[in-house]
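Breakdown of the fold
What follows is each chain in one-letter form.
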Amino acid sequence: KQEVTQIPAALSVPEGENLVLNCSFTDSAIYNLQWFRQDPGKGLTSLLLIQSSQREQTSGRLNASLDKSSGRSTLYIAASQPGDSATYLCAVRRDGATNKLIFGTGTLLAVQP
Amino acid sequence: KAGVTQTPRYLIKTRGQQVTLSCSPISGHRSVSWYQQTPGQGLQFLFEYFSETQRNKGNFPGRFSGRQFSNSRSEMNVSTLELGDSALYLCASSFSGSAEEKLFFGSGTQLSVL
C-alpha cells in the first residue's frame, strides 16, 4: 500500500529565506507526482506536476525534483515571501489509468515578515 | 475562465439525514474527481467520473455515491449521515481525464454533521 509522508509537518522561516519541503513515498512505481498548496479553508492550487520520466520542473520561484528510485521529491522555494504561507501537499498517481491521487500529510509553512 | 465551482460552500446537517453536494468543472473539462479532507485522515479519494461513467472508487462505504451528468457537472450524495462524515469535500476536474494532466480543485463544501 502506497504511503506518502511529508517532513517537516510544520516550518517557520523569515522572509527571504530559501527553503526545501520534502515528500517521501513507499512505492516507487508511480506515474507522476504533483505539488499543491492549500490556503486555510480553501481548495488546492496546483503548483507543479512531474512525470515519472522527469527529474525536475520549475515555475517561477518554485522548483520540484523527483527521484523515483529513492522514493523522494523535494519542493524548493526561493526567496520566500509572506504570501507563500500555506499548507503544501504532495500527491502521487499510481498509474496512468486514473486520476486517483494519494496525498501526503502536508507541511504547514509560515513565512514571517 | 471560471474555475471549479462547488455548492453549497457550507452545510450543516444532523445525523441520519442525507446530503447532496454539487460540482461544476472548468468549462470543457470532462473528468471530475471527489476527495474528502479531515484533520485525522487527510485527503482521501472518493470517486472519479469521466463522460458520465464512474472510472474509479475509493474505500468508502456505500452511503457515499455520485454521478455525472451529460454537461460534466457532478453530484455526490451521502446518505444516513454520521458524525464522522464531517469534512471538507473537494471536487477536482481535468480536461480529458488523462493522468498526465494537472487536476484543478474547487474551494470545497464544508459539511458539519451534528
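Placed above this text is the structure.
Values in this document were obtained by computation on a predicted structure and should not be read as measured data.

**Structural notes on the environment of Ser86(B)**
Residue and element names in this part refer to chain B. Tracing the backbone shows Ser86 in the loop between strand S8 (74–78) and strand S9 (87–94). In the structure, Ser86 is positioned 73 residues away from Lys13 in sequence and 9.3 Å away in space, judged by C-alpha atoms. Aside from chain neighbours lying at most four places away, what touches Ser86 is Thr38, Leu111, Ser112 and Val113. At 2.8 Å, the side chain of Ser86 and the backbone nitrogen of Val113 are in polar contact.

**Side note on the side chain of Ser46(A)**
Among the structural elements, Ser46(A) can be located in strand S5 (residues 44–51). Polar contacts involving the side chain of Ser46(A) include one to the side chain of Gln34(A), which spans 2.7 Å. Those residues in contact with Ser46(A) that sit more than four places away from it in its chain are Gln34(A), Trp35(A), Phe36(A), Lys102(B) and Leu103(B).

**Focus on the nonpolar core**
Formed by 23 residues in total, the largest nonpolar core has its most connected members in Phe25(A), Leu33(A), Trp35(A), Leu75(A), Ile77(A), Tyr88(A) and Leu109(A). Mapped by element, the contributors of at least two residues to this core are strand S3 (19–25), strand S4 (32–38), S5, strand S7 (62–67), strand S8 (72–77), strand S9 (86–93) and strand S11 (107–112) of chain A. Those residues in contact with Ile77(A), other than ones at most four positions away along the chain, are Glu17(A), Asn18(A), Leu19(A), Arg61(A), Leu62(A), Asp84(A), Tyr88(A) and Leu109(A). In terms of nonpolar packing, the next biggest core, distinct from the first, is built from 21 residues, Val4(B), Val19(B), Ile26(B) and Phe47(B) among them.

**Looking at the pattern of salt bridges**
Residue and element names in this part refer to chain B. Evaluated as defined, the whole model comprises 7 salt bridges over all chains. Between Arg63 and Glu82 there is a salt bridge, with its nearest N and O atoms 3.6 Å apart. Here Glu82 lies in the loop between S8 and S9 and Arg63 lies in the loop between strand S6 (53–57) and strand S7 (64–68), a separation of 19 residues in the sequence. The class of Arg63 is buried, set by a relative accessible area of 15%. Salt bridges sharing common partners tie together Arg63, Glu82 and Asp85.

**Focus: the packing of aromatic side chains**
In the structure shown here, the tally under the stated rule is 8 aromatic pairs over all chains. Ring geometry for Phe103(A) against Phe105(B): centres 6.3 Å apart, planes inclined by 75°, an arrangement best described as edge-to-face. Of this pair, Phe103(A) sits in strand S10 (residues 101–103) while Phe105(B) sits in strand S10 (residues 104–105), placing the two residues on different chains. Its relative accessible area of 8% is what places Phe103(A) among the buried residues. A ring pair is formed by Tyr35(B) and Phe45(B), whose centres lie 5.5 Å apart and whose planes are at 70°; its orientation type is edge-to-face. On the criterion of sequence distance, the pair formed by Tyr35(B) in strand S4 (residues 31–38) and Phe45(B) in strand S5 (residues 42–50) is long-range, its members being 10 residues apart. Here the two residues Tyr35(B) and Phe45(B) agree in accessibility, since each one is buried. Of the aromatic side chains, those joined through ring pairs into one cluster are Phe36(A), Phe103(A), Tyr35(B), Phe45(B) and Phe105(B).

About the cut-offs
Residues numbered from 1 in each chain as written. Chains lettered and ligands numbered in written order. Predicted model: local features only at pLDDT ≥ 70, side-chain atom pairs only at ≥ 80, totals over all residues. Heavy atoms only, no water. Helix = DSSP H or I, 4+ residues; strand = E, 2+ residues; numbered from the N terminus. Contact = heavy atoms within 4.5 Å. Polar contact = N/O pair within 3.5 Å; in protein donor to acceptor, adjacent residues only side chain to side chain. Core = buried A, V, L, I, M, F, W, Y, C linked by side-chain atoms within 4.5 Å. Buried < 20%, exposed > 50% of the residue type's maximum accessible area, 1.4 Å probe, protein only. Salt bridge = Lys/Arg side-chain N within 4 Å of Asp/Glu carboxyl O. Phe/Tyr/Trp six-rings, centres within 6.5 Å; stacked < 30°, edge-to-face > 60°.

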